[in-house]
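# Inside the fold
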Amino acid sequence: MIFAGADPTGGAGIAADIQTVSALGCHPAPIVTAVTAQDTAGLKQYTVVDTDLLIAQARSVLEDMPVAAFKTGMLGNAANLAAIATIVSDYPSIPLVVDPVLTTGAGDELSEQPLEDGYRSLLLPLATLVTPNSIEMRRLATNADSPEACAQELMSLGCEYVLCTGSHEPTTEVSHHLFGHHRMLETINQPRLPHDYHGSGCTLASACAAGLAQGFEVTAAVREALAFTWNTLAKGHQLGMGQHLPDRQYWARRDPNNKANS
Ligand code: PLP
């Protein structure tokens, strides 16, 4: 079950999540939190879904179908964040992946109010895995500076694992750090890709949720999700005039020169 905002480019948001979990063999139950108007160059406007309607979407599905994992993306405002925390707290055995979306890649805020306090007090304590990029991690961990200290602070709030992604850091390779059990578990390095991408964080968090939904341990789900996401970016396209979009269907693309496909 995915709580996320709609992005009409299909690059980020709920379309990205639906494509990702479908590509990885899961059925998505998409709960829309907000509707944005944007193109690949930037955000124009958005409206947040009424909290009662958000709750009704989720409760309808939860009372009808089994759910194997939760994933949150853009939430839109503090009321929606609180409502989602209440809903997921009723299902403590279902893994929860929190992508703590605060802004678009260009830095436009994606919430009517600051959400840091809500994430810290309501959602992170319920999370199996939280997947901040390094900018989000610094905003959420108010009392720490180094990645290790920030992750320790987030884990002390109650989330089990923290995957801090490194593409925003000025490094030659991109280094992602996975923390759990109050220590750093592993660093996964990936070659830096040449473009600016829209929807990479959504793809990664949804791929982690798909792995957890299928029974993978967190470390295995994270490794697979990072590899899948890197491939979607490496095979991505510049479909508009701004950021490149991941290609989450790259594995289904047929090569006309390959007789095995005919
Ligand atoms: N969700 C929505 C609806 C968005 O518009 C965006 C970014 O524009 C995001 C999430 C976060 O996207 P990314 O995966 O690029 O961090």
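Since the model is a prediction, treat every value here as computed from it, not as a measurement.

Let us now look at the overall build of the chain. When you go through the chain residue by residue, the secondary structure sums to eight helices and nine strands. Its C-alpha radius of gyration of 17 Å places the chain within 12% of the 18 Å reference for a compact globule of 262 residues. Judged by the C-alpha coordinates and their principal axes, the chain covers about 55 × 40 × 40 Å. Burial statistics for the chain: of 262 residues in total, 51% are counted as buried. Partitioning the contacts of the chain with sequence separation of at least 6, the portion at a separation of at least 24 is 66%. Counting only carbon and sulfur atoms, one obtains 53% of the accessible surface of the chain, whose full area is about 11,800 Å². Distance between charge centres in the chain, computed from 14 positive and 27 negative side chains, equals 9 Å.

Looking now at the environment of Leu-204. Along the polypeptide, Leu-204 turns up in helix H7 (residues 200-213). Once the C-alpha coordinates of Leu-204 and Gly-180 are considered, the two residues, 24 residues apart in sequence, prove to be 18 Å apart. If sequence neighbours within four positions are ignored, Leu-204 has contacts with Leu-163, Thr-165, Ala-225, Leu-226 and Thr-229.

The next thing to look at is the environment of Leu-126. Note that Leu-126 resides in the loop between helix H4 (116-123) and strand S6 (129-130). As a C-alpha pair, Leu-126 and Tyr-91 span 35 residues in sequence and 9.9 Å in three-dimensional space.

What follows is about the packing of aromatic side chains. Scanning the model with the defined rule gives three aromatic pairs in all. Ring centres 6.1 Å apart and planes at 65° place the aromatic pair Phe-70 and Tyr-91 in the edge-to-face group. On the criterion of sequence distance, the pair formed by Phe-70 in strand S4 (residues 70-72) and Tyr-91 in the loop between helix H3 (78-89) and strand S5 (96-98) is long-range, its members being 21 residues apart. Given a relative accessible area of 0%, Phe-70 falls into the buried group. With relative accessibility at 24%, the residue Tyr-91 sits in the partly exposed group. Considering the side-chain rings of Phe-228 and Tyr-250, the 6.0 Å spacing of their centres and the 40° angle between planes classify their relative orientation as tilted. One end of the pair, Phe-228, is in helix H8 (residues 218-234); the other, Tyr-250, is in the segment after H8, with 22 residues separating them in the sequence. There is no split in this pair, since Phe-228 and Tyr-250 are both buried. Put simply, the rings of Phe-3, Phe-70 and Tyr-91 touch in pairs and so form one group of aromatic residues.

A word on the pattern of salt bridges. Any two side chains of opposite charge can pair, on the condition that their charged atoms come close. Inspection of the entire model under this criterion finds nine salt bridges. Linking Lys-71 and Asp-17 is a salt bridge whose minimum nitrogen-to-oxygen distance equals 2.8 Å. Within this pair, whereas Lys-71 is found in strand S4, its partner Asp-17 is found in helix H1 (residues 13-23), the two being separated by 54 residues in sequence. The salt bridge partner of Asp-90 is Arg-59, with a shortest N-O separation of 2.9 Å. One end of the pair, Asp-90, is in the loop between H3 and S5; the other, Arg-59, is in helix H2 (residues 51-62), and 31 residues separate them in sequence. Take Arg-59: its relative accessible area is 22%, and that puts it in the partly exposed class. Where salt bridges share partners, they join Glu-109, Glu-116 and Arg-139 into one cluster.

What counts, and at which threshold
- Within any chain, residue numbers begin from 1 and follow the written order of that chain's sequence.
- Per-residue local features of the predicted model are confined to residues with pLDDT of at least 70, and side-chain atom pairs are confined, for both listing and counting, to 80 or more; whole-chain, interface and lining totals are unaffected and use all residues.
- Computation of side-chain values: all heavy atoms of the structure, hydrogens and water removed.
- Each helix is a run of DSSP H or I of at least 4 residues and each strand a run of E of at least 2, with the numbering of both proceeding from the N terminus.
- We compute the radius of gyration over the C-alpha atoms and compare it with the globule rule, which gives 2.2 Å times the number of residues raised to the power 0.38.
- Think of it in three bands: with a 1.4 Å probe and only protein chains considered, a residue is buried below 20% of the maximum accessible area for its type, exposed above 50%, and partly exposed in between.
- What makes two residues a contact is simply this: any of their non-hydrogen atoms within 4.5 Å.
- Where accessible areas are quoted, they stem from the Shrake-Rupley method and a 1.4 Å probe; at the residue level, only the protein chains shown are allowed to cover.
- Charge convention: Lys and Arg are scored as positive, Asp and Glu as negative, and His as well as the terminal groups of each chain are ignored.
- The atoms used to mark charge sites are NZ of Lys, CZ of Arg, CG of Asp and CD of Glu.
- In this analysis, rings of Phe, Tyr and Trp, with Trp reduced to its six-membered ring, are considered paired at centre separations within 6.5 Å, and the interplanar angle assigns stacked below 30 degrees, edge-to-face beyond 60, and tilted for intermediate values.
- The rule for a salt bridge is simple: a side-chain nitrogen of Lys or Arg has to be within 4 Å of a carboxyl oxygen of Asp or Glu.

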